[in-house]
Amino acid sequence: MIIYLLVFVIVEILAIICNKVEKNKNTKIFAFMIIMILSIFAGVRDLTIGTDVNVYGANWFQIACDCQSFEDYISLINTTDIGYLFINYIVSRFTTNVNVFLFIIQLICNSLVIITLYKYRERCPFWLSLLTYLSIFYCRTFNILRQSIALSILFYSIKYLYKNKNLKYLIAIIISSLFHYTAVFGVVILVLKRICESKSKYKNLYLLLIFLITIVSVYFIKDVIAILYSIGLVNVKIYNYLFIFVNENDVNIFGIDFFVKIVFLVTIYFSYKKINEKEPLTQFLFFVTIMEFIIFQIKNMILYSDRIALYFNYFILLLLPQASFNISTKAKERLIVNAVLSMILIFYWGYKYVYAGSCDVYPYTSNILGI
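Residues numbered from 1 in each chain as written. Predicted model: local features only at pLDDT ≥ 70, side-chain atom pairs only at ≥ 80, totals over all residues. Heavy atoms only, no water.

> Which parts of the structure should I look at to understand the packing of helix H2 (residues 28-43) against helix H6 (residues 98-119)?
Direction vectors running N to C along H2 and H6 enclose 145°, while the axes themselves pass 8 Å from each other. Judged by the sense of rotation from one axis to the other, the crossing of H2 with H6 is right-handed. Residues Lys-28, Ala-31, Ile-34, Ile-35, Met-36, Leu-38, Ser-39, Ile-40, Ala-42 and Gly-43 of H2 form the contact with H6, whose own contacting residues are Asn-99, Leu-102, Phe-103, Gln-106, Leu-107, Asn-110, Ser-111, Ile-114, Ile-115 and Tyr-118. Split by residue class, the contact of H2 with H6 holds 13 nonpolar, six polar and one charged. (Axes fitted to C-alpha atoms, helices over the stretch in contact; angles between N-to-C directions. Helix = DSSP H or I, 4+ residues; strand = E, 2+ residues; numbered from the N terminus. Left-handed = near helix turned anticlockwise from the far one by under 90°. Contact = heavy atoms within 4.5 Å. Nonpolar A, V, L, I, M, F, W, Y, C, P; charged D, E, K, R; others polar.)

> Could you clarify how one ought to interpret H6 in this entry?
The periodicity of an α-helix, 3.6 residues per turn, causes residues three or four places apart in sequence to face the same way. Counted at 1.5 Å a residue, the expected span for H6 with its 22 residues is 32 Å, and the 31 Å between its end C-alpha atoms agrees. Here H6 lies mainly inside the structure; 16 of its 22 residues are buried. Measuring from the side-chain oxygen of the N-cap residue of H6 to the backbone nitrogen of Asn-99 gives 2.8 Å; that N-cap residue is Asn-97. (Expected span 1.5 Å × (residues − 1). Buried < 20%, exposed > 50% of the residue type's maximum accessible area, 1.4 Å probe, protein only. Polar contact = N/O pair within 3.5 Å; in protein donor to acceptor, adjacent residues only side chain to side chain.)

> Even after reading the chapter, I still don't get a nonpolar patch on the surface, so can you show me in this structure?
Together, Tyr-202, Leu-205, Tyr-206, Leu-208, Leu-209, Leu-212, Ile-213 and Ile-215 make up a nonpolar patch on the protein surface, roughly 730 Å² of accessible area in all. Position of Tyr-206 relative to the elements: it lies in helix H12 (residues 203-230). (Patch = residues over 30% accessible without salt bridge, like charges linked within 9 Å, V, L, I, M, F, W, Y side chains within 5 Å. Areas by Shrake-Rupley, 256 points an atom, 1.4 Å probe, with all protein chains shown as cover. Salt bridge = Lys/Arg side-chain N within 4 Å of Asp/Glu carboxyl O.)

> Help me understand the pattern of salt bridges, please; the structure alone is not making it clear to me.
Side chains that differ in sign of charge can pair as their charged atoms come close. Following the criterion strictly, the structure yields five salt bridges and no others. Here Arg-146 makes a salt bridge to Asp-81, at a shortest N to O gap of 2.8 Å. Of this pair, Arg-146 sits in helix H8 (residues 145-156) while Asp-81 sits in the loop between helix H4 (70-76) and helix H5 (82-92), and the two are 65 residues apart along the sequence. Its relative accessible area of 13% is what places Arg-146 among the buried residues. Looking at Asp-81, the relative accessible area reads 1%, which means it is buried. Where Arg-194 meets Glu-197, a salt bridge forms, and the shortest distance between an N and an O atom there is 3.5 Å. Via salt bridges that share partners, Lys-193, Arg-194 and Glu-197 belong to a single interconnected network.

Here it is, written out as structure tokens:
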């Protein structure tokens, strides 16, 4: 646990420097150092760190190393995630070291997320958005290798939502889908954004209908998927993914996830008006966060359904830090809120990844580092 906390403290200090130095100073070097530290730390880990590393991570990379062409490689792997296979194959052309491969995967994920957080650091305090990423998502990237790339691509592409470049966002969804097919849910995010920015007098009615449909879907989702599977509209891979291949460790953390998400929503709710004065996508970000909370409840019935909720959850990295800093205009009260929120985030990370053993990232070991 100490090694994780040490790395987190180092990168948080660098993030604070990014926020504290004068605006005309170039702080990109500190952001670059954060990316490299987090990527190297994840890259040099042993292959026992991260559940999926030994499911398709190291195995698929080794197959790539043994193949003479990309066509031969994809013929041996039963997946539609061509983008992920392409990275495997490209890396295998210049090294057979799996740790280099893991480093590159992490470099892609961390770069896209942290560049985005850095870009919006004046609106969203960089140190707090980074802490949110470290506490909720960073360790999970050790596990869900393919989807982590898809998630980071879509999160990076939020800049297209800010600029109303919807076609580019659709292209980003297509690219993300090459790494994990669930990225198609990015289309839902785009639709929600268009509705939230609509000037139609029925906008709130549309949002309410989406809200109610989502709740009903959550309640009946298990039965619906079972029926679709029985008539052949859901393939066996998806059915097994949702119902058969489960990790019971994750079931135990449902309560802490529920509690933390409630705290986040309450914090955002009480800061909504102040955030709305500065953040052009406030309604969209808040509604997406609520949708994530509802969709996440499916996890109580279908364990891996939270993989879908993740596409809505990454936006909390931009909304929660703003909520924390705008909940009060008084410096002392703001300090208290930030301190409490930071402690909740750290507690959440400790409970989920250390105590409950989610994603098999604890204890951290590395033969390369001698740990």
